Amino acid sequence: MDIRLSGITKVFEPDIVALEDIYLSVDSGEFLYLVGTTGSGKTTLLRLISREYLPTRGQITVGDRNLRKLRSSELPYYRREVGVVFQDFKLLPNLTVFENVAFVLEAMGIPPKLVESRSNEVIDQVGLWRRRFLKPPQLSGGEQQRVAIARAMANSPAVFLADEPTGNLDLRTSEEIMRLLLSINASGTTVIVATHDQYLVDAYRQRLVELHNGRLKRDERRGRYFVDGEL
Amino acid sequence: MASFRYAFRDTFRLLFRHWGLSLLTLLTAASVLYILGFASLFAMNMRYMISRIEGALVVQAYMKRGETAEQALELVRSSPLVLSVRAISPEEALERLRAKLGNQAQAVTLLGENPLPWSLEIQVQRAEHITPLVRDLMVLPSIEEVLYAGKLVERLATISRASSAVSGIILMLTLLISTLVIFNTIRIAIYSRKEEIEVMLLIGATSTYISLPFVIQGMLLGAGGAILAIFGLWSTYSSAIEAIRSTLAFVDIIDNRRILAQFYVFLFAAGATTGWMCSWLAVHRFTSQSMRSR
């Protein structure tokens, strides 16, 4: 599913400009790194795409949906097509790994047998099969991150957004997670990863978009470079 | 179908995972519904006692000599305030007089020709209806005299109006308090799962899917509270009936099983409906706020 941002500006009250005049196109099945320093607007951009935020100005279209025109009754169905890995994981501490993954599918009204088989499948994919009955507080940071990834990929979304998926993780775990994200992308899912881990960006070269103070600073795409508004 | 299955499972998870809060809601619902039920029973009994007295009130309208009761009867029958009316002929009135006099009935023969006029015995629905009826009757040329318990009727009408107003206010207040208490207790339950609900909304759960377990929980707690309140009321009321019968035998109170059963069914339905409505409102408000994009 392709993503188009045209002239996106996001201003928070009272007068904090988080993003300013962003034009960005992400093709279906593309992998994109969103980089930039803390406060550059990466998380805001992801939240605009997941429709947690509405832009102050501009239009966002995901597939054939104009997010500004999306009715609240259509929002859940849109969000099912967008898997999000949150910076703080947002796992439910009272539920086991299995339940955390399963409840996404249950919310979609999928029958219990299918929920069970699909949840087990993704838990196995992220390498947590033996830990599926543990609760998040019993897991390490990297394992919790993998549960969050498993939950986001459970319903095979068309778009996958990951906000700092390797933040505070050791190099080995970060690489495992990157490989997982690349495998998700390999199945045709559009993946956007917000990160400031330069090592991973260099090691797994993909399209790179850099934000600086809420503005698009660099868009490195298949060898072409867009720097500070000029090609 | 699967969604309903998950909703029921989540309802029981909600009830037992937050059992302290569930118990608190149940007891709160039971207490407020008990107060509501008690206020309703009090109001019903007040109304019942007054209506019994009102039912016994009879207006007697006497025709002028030589006049028949037809014109007055027509007027009285067309009035919506009237419960029943009966025309008493002079012959019937004489028979009644004879019966009243008993072994002195022979004295009636001294009267010669029957001097008693036609009369009407009228029963009204409520005491306050008597005064306007009497006013209407008095203007008829065929009416000689209208007899009724004037002061008693006026006092009874005042008491009746006051009791209706007071019981109405008590009922409204208890209903409002019940709704607020149940609404707030369920809102606390929802806020205790705030994080979970927010995550559910972010991953694409519909507000119906999120609301359903809370709504079922609210309904169950409301209904459960109503059952406890009914048990409480039933035992209190049974003891009250016993006590009143043994000490104040002349006081009429409701002890008709059918009426009481209907009242308890109504209270149960009120509990379940209040629980359902309050939880729906609380969760709907919460999900609407959470779904609003910033």
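To start, this report covers the structure provided alongside it.

## Re the pattern of salt bridges
- Enumeration over the complete set of coordinates arrives at 23 salt bridges over all chains.
- Taking the shortest distance from any N to any O, the salt bridge between Arg 4 of chain A and Asp 27 of chain A comes out at 3.4 Å. With Arg 4 of chain A in strand E1 (residues 3-12) and Asp 27 of chain A in the loop between strand E2 (16-26) and strand E3 (31-35), the pair connects residues that are 23 residues apart, well separated along the chain.
- Residue classification places Asp 27 of chain A among the partly exposed residues on the basis of a relative accessible area of 27%.
- A salt bridge links Arg 9 of chain B to Glu 106 of chain A, with the shortest nitrogen-to-oxygen separation between them at 2.6 Å. One end of the pair, Arg 9 of chain B, is in helix H1 (residues 2-17); the other, Glu 106 of chain A, is in helix H3 (residues 97-107), on a second chain.
- According to the relative accessible area criterion, Glu 106 of chain A is buried, its value standing at 9%.

## Let's talk about the interface of chain A and chain B
- Contact with chain A, which involves 28 residues of that partner, is made by 21 residues of chain B.
- In total, chain A and chain B occlude about 2300 Å² of area from one another, counting both sides; carbon and sulfur atoms represent 60% of this.
- At the boundary of chain A and chain B, one finds one salt bridge.
- Linking chain A with chain B are three residue pairs in polar contact (both at pLDDT 80 or more), by the criterion used here.
- Counting only elements with at least two residues in the side of chain A that touches chain B, the list comes to helix H2 (75-79), H3 and helix H4 (112-125) of chain A.
- Here the side of chain A that touches chain B gets five residues from one element, more than from any other, and that element is H3 of chain A.
- In the side of chain A that touches chain B, the residues fall into 16 nonpolar, three polar and nine charged.

## A few points about helix H5 (residues 130-138) of chain B
- All buried positions along H5 of chain B are accounted for by Ile 130, Leu 133, Val 134 and Leu 137 of chain B. An end-on view of H5 of chain B places all buried positions within 100° of arc, on one side of the element.

## Considering the sheet that holds strand E4 (residues 143-147) of chain B
All names here are of chain B.
- Read from one edge to the other, the open sheet built from four strands follows the order E2-E3-E1-E4, with strand pairing classed as antiparallel. Of all strands in the sheet, those bounded by a partner on one side alone are strand E2 (82-88) and E4. Adjacent strand axes in the sheet meet at a mean angle of 20° when their direction is disregarded.
- Examined bridge by bridge, strand E1 (residues 58-63) and strand E3 (residues 119-124) share five bridges and lie antiparallel to one another. Its bridge partner being in E3, Gln 60 is matched across the sheet by Glu 121.
- Docked against the sheet, helix H3 (residues 70-77) engages E1, E2, E3 and E4, running at close to 170° with respect to E2.

## Focus on the packing of H1 of chain B against helix H8 (residues 207-247) of chain B
Residue and element names in this part refer to chain B.
- At their nearest, the axes of H1 and H8 sit 8 Å apart, and the two run at 55° to each other. If you check the angle between H1 and H8, you find them oblique. Note on packing geometry: the crossing formed by H1 with H8 is right-handed. For the pair formed by H1 and H8, the contact residues are Ser 3, Phe 4, Tyr 6, Ala 7, Phe 8, Asp 10, Thr 11, Phe 12, Leu 14 and Leu 15 on the first element and Tyr 209, Leu 212, Pro 213, Phe 214, Ile 216, Gln 217, Leu 220 and Leu 221 on the second.
- For the contact of H1 with H8, the per-class residue count stands at 14 nonpolar, three polar and one charged.

## Quick word on empty space enclosed by the protein
- Tallying each qualifying case throughout the model produces three cavities of 30 Å³ or more.
- Taken as a whole, the largest cavity spans an internal volume of roughly 120 Å³.
- Lining the largest cavity are 13 residues; nearest its centre among them are Asp 10, Arg 13, Arg 17, Arg 193 and Glu 196 of chain B.
- Secondary structure elements with two or more residues in the lining of the largest cavity: H3 of chain A together with H1 and helix H7 (194-202) of chain B.
- Sorting elements by how many residues they give to the lining of the largest cavity places H1 of chain B first, with five residues.
- Here the lining of the largest cavity is composed, by residue class, of five nonpolar, one polar and seven charged.
- Roughly 100 Å³ of internal volume is contained in the second largest cavity.
- Val 82, Gly 83, Val 84 and Ala 152 of chain A together with Ile 203 of chain B are, among the 13 residues lining the second largest cavity, the residues nearest its centre.
- Secondary structure elements with two or more residues in the lining of the second largest cavity: strand E6 (82-85) and helix H5 (141-153) of chain A.
- Within the lining of the second largest cavity, the residues separate by chemical class into eight nonpolar, two polar and three charged.

## Structural notes on H5 of chain A
- Helix length check: H5 of chain A (13 residues) gives 18 Å between terminal C-alpha atoms against 18 Å at 1.5 Å per residue, within 8%.
- For H5 of chain A, a buried count of 12 out of 13 residues is recorded, marking the element as mostly surrounded by other parts of the structure.
- Residues Gly 142, Glu 143, Gln 144, Gln 145, Arg 146, Val 147, Ala 148, Ile 149, Ala 150, Arg 151, Ala 152 and Met 153 of chain A constitute the buried set of H5 of chain A.
- Buried residues along H5 of chain A sit against E6, H3, H4, strand E7 (159-163) and helix H6 (171-186) of chain A together with H7 of chain B.

## Examining unusual backbone geometry
Residues and elements named next belong to chain A.
- In this chain, Glu 13 is followed by Pro 14 through a cis amide linkage whose omega measures 0°.
- Although it is not a glycine, Phe 89 adopts a positive phi angle of roughly 65°.
- Structurally, Phe 89 is set in the loop between E6 and H3.
- Of note, the phi angle at Asn 213 is positive, near 50°, even though the residue is not glycine.
- Mapped onto the elements of the fold, Asn 213 is located in the loop between strand E9 (207-212) and strand E10 (215-221).
- Exposure remark for Asn 213: the relative accessible area of 55% places this residue in the exposed category.

Rules and cut-offs
Residues numbered from 1 in each chain as written. Chains lettered and ligands numbered in written order. Predicted model: local features only at pLDDT ≥ 70, side-chain atom pairs only at ≥ 80, totals over all residues. Heavy atoms only, no water. Salt bridge = Lys/Arg side-chain N within 4 Å of Asp/Glu carboxyl O. Helix = DSSP H or I, 4+ residues; strand = E, 2+ residues; numbered from the N terminus. Buried < 20%, exposed > 50% of the residue type's maximum accessible area, 1.4 Å probe, protein only. Contact = heavy atoms within 4.5 Å. Buried area = accessible area lost by both parts, 1.4 Å probe. Polar contact = N/O pair within 3.5 Å; in protein donor to acceptor, adjacent residues only side chain to side chain. Nonpolar A, V, L, I, M, F, W, Y, C, P; charged D, E, K, R; others polar. Arc of directions from axis to C-beta. Pairing = 2+ DSSP bridges. Axes fitted to C-alpha atoms, helices over the stretch in contact; angles between N-to-C directions. Parallel < 35°, antiparallel > 145°, perpendicular 65-115°, else oblique. Left-handed = near helix turned anticlockwise from the far one by under 90°. 1 Å grid on protein atoms, 1.4 Å probe; cavity = no way out; pocket = protein on both sides within 12 Å on 5 of 7 lines; lining within 4 Å. Points joined across faces, edges and corners; volume = space filled by probe spheres on them. Expected span 1.5 Å × (residues − 1).

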